[in-house]
Amino acid sequence: MLAYPLVMAAGLITLMGLLDAGAALTWAPFATVAIVGPIVILLERIIPFRRGWIANASDYLEDSLFMVAVQVTVPFAMAWAVAFGLSTALSHHTNHFSIWPTHWPLFAQLALKVIAGDFFRYWLHRFAHTWSPLWRLHEVHHHPNKLYSTNVFRFHPIEKALQFCCDTLPFVIIGITPDVLAFYFVFYAISGLFQHSNADLRLGPLNYVFSGPEVHRWHHSRTISESNNNYAHSFVVWDLVFGTYFHPKSRVVETLGLLDPAYPRGFWQQLYAPFRRVARDIT
């Protein structure tokens, strides 16, 4: 039960250490995830929830392509540039938009950012399961028929851009500072790795706090009535508030993936897949 909070704390402390040592905000969050993230991958190797979900070399290779091309090169590197550029531009003007509570302690700001950002991401995610144009993008993420940590990298770049517009850009506009965004990135990344992890972790009461693997596995179920739940990313608060929290205690999730048996496989094919003019079921 303590693995999730301990590894998360390790990530935040590592980032603090790097920044105190003079590391730049532009690369310190990425370095932190590269240092701490493998702990989650190691856990799912040591104590796998389901052996059939253990990733092989080709899985990791494809995940790496998504990580480099989608998560870093395409929207995250650009997103950080936009975030810092916009923050600088706004600082030269009046403070009408500067309503973010910068006087709060750092971790209080981080908690507010996670909860508020999750609210917008929750609704984008929920619409992605109910509105066909968004679902065509989101299918890329739901394609795998097994769930393990680095599945979290698998998103279409257009969807990642939409996520940035929901959970980062509005906060930059209202005056959030780059250091809070750096800590948010680390929290978000470690949370995502845990959320998709194949490690047999039992969070117990913390399942009503964090959107961990026991809860999120149901969201990847091939059964629509199960997968159309648990949209929250970090904390489950919005699933609880809006009635989409789903965590049956008497059974475990069965088959994962899409209903569409003809969905393309491979990195480049899946980048093109949302633009195929083929009717597909929404799961």
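All figures in this text were calculated on a predicted structure; none of them were measured in a lab.

## Brief notes about the nonpolar core
Soluble, globular proteins show a tendency: their nonpolar side chains are buried together.
Phase 1 of the analysis: Of all hydrophobic cores here, the largest spans 40 residues; its most connected members are Phe 66, Val 186, Ile 190 and Phe 194.
Phase 2 of the analysis: With 11 residues, helix H9 (residues 178–195) is the single largest residue contributor to this core.
Phase 3 of the analysis: Beyond its immediate sequence surroundings of up to four residues, Phe 66 is in contact with Gln 71, Val 140, Phe 153, Arg 154, Phe 155, Phe 267, Gln 270 and Leu 271.
Phase 4 of the analysis: Listed in part, the seven residues of the second largest apolar core include Trp 100, Ala 116, Val 180 and Leu 181.

## A short note on the pattern of salt bridges
Phase 1 of the analysis: Throughout the structure, instances matching the rule amount to six salt bridges.
Phase 2 of the analysis: The residue Arg 154 makes a salt bridge to Glu 62 at a minimum N-O spacing of 2.8 Å. Taken as a pair, Arg 154 in the loop between helix H6 (132–142) and helix H7 (157–167) and Glu 62 in helix H3 (residues 57–73) lie far apart in primary sequence, 92 residues in all. Take Arg 154 and Glu 62: they sit in the same class, and that class is buried.
Phase 3 of the analysis: Asp 167 serves as the salt-bridge partner of Arg 121, at 3.0 Å between the closest nitrogen and oxygen.

## Here's the deal with a nonpolar patch on the surface
Phase 1 of the analysis: On the surface, Ile 158, Leu 162, Tyr 272 and Phe 275 cluster together into a nonpolar patch covering about 390 Å² of accessible area.
Phase 2 of the analysis: Counting through the fold element by element, Ile 158 comes out in helix H7.
Phase 3 of the analysis: Assessed through its relative accessible area of 38%, Ile 158 is described here as partly exposed.

## Brief notes about the packing of helix H1 (residues 3–20) against H9
Phase 1 of the analysis: In contact at an axis separation of 10 Å, H1 and H9 are set at 150° when each is read in the N-to-C sense. Considering the angle they form, H1 stands roughly antiparallel to H9. As H1 packs across H9, the resulting crossing turns out to be right-handed. Only Ala 182, Phe 183, Val 186, Phe 187, Ile 190, Ser 191 and Phe 194 of H9 make contact with H1, whose side of the interface consists of Ala 3, Tyr 4, Val 7, Met 8, Gly 11, Leu 12, Leu 15, Met 16 and Leu 19.

## Some points on the confidence of the model for the chain
Phase 1 of the analysis: Mean pLDDT over the chain stands at 89; residues scoring 70 or higher make up 89%.
Phase 2 of the analysis: Across residues 278–283, where pLDDT falls below 50, the model places 22 contacts with residues more than four positions away in sequence or in other chains.

## Description of the packing of aromatic side chains
Phase 1 of the analysis: Per the stated rule, a full pass over the model turns up 24 aromatic pairs.
Phase 2 of the analysis: With centroids separated by 5.1 Å and ring planes inclined at 85°, the aromatic side chains of Tyr 122 and Trp 123 adopt a geometry described as edge-to-face.
Phase 3 of the analysis: Among the residues examined, Tyr 122 registers a relative accessible area of 0% and is labelled buried.
Phase 4 of the analysis: Judged by relative accessible area, which is 24%, Trp 123 ranks as partly exposed.
Phase 5 of the analysis: Geometrically, the ring pair formed by Trp 123 and Phe 242 is edge-to-face, given 5.0 Å between the ring centres and 70° between the ring planes. Residue Trp 123 is found in helix H5 (residues 106–128), and its partner Phe 242 is found in the loop between helix H12 (237–241) and helix H13 (267–272); the two are separated by 119 residues along the sequence.
Phase 6 of the analysis: Take Phe 242: its relative accessible area is 30%, and that puts it in the partly exposed class.
Phase 7 of the analysis: Ring pairs connect the aromatic residues Trp 100, Phe 119, Phe 120, Tyr 122, Trp 123, Phe 127, Phe 171, Tyr 231, Trp 238 and Phe 242, which therefore count as one cluster.

Analysis parameters
Residues numbered from 1 in each chain as written. Predicted model: local features only at pLDDT ≥ 70, side-chain atom pairs only at ≥ 80, totals over all residues. Heavy atoms only, no water. Core = buried A, V, L, I, M, F, W, Y, C linked by side-chain atoms within 4.5 Å. Buried < 20%, exposed > 50% of the residue type's maximum accessible area, 1.4 Å probe, protein only. Helix = DSSP H or I, 4+ residues; strand = E, 2+ residues; numbered from the N terminus. Contact = heavy atoms within 4.5 Å. Salt bridge = Lys/Arg side-chain N within 4 Å of Asp/Glu carboxyl O. Patch = residues over 30% accessible without salt bridge, like charges linked within 9 Å, V, L, I, M, F, W, Y side chains within 5 Å. Areas by Shrake-Rupley, 256 points an atom, 1.4 Å probe, with all protein chains shown as cover. Axes fitted to C-alpha atoms, helices over the stretch in contact; angles between N-to-C directions. Parallel < 35°, antiparallel > 145°, perpendicular 65-115°, else oblique. Left-handed = near helix turned anticlockwise from the far one by under 90°. pLDDT = per-residue confidence, 0-100. Phe/Tyr/Trp six-rings, centres within 6.5 Å; stacked < 30°, edge-to-face > 60°.

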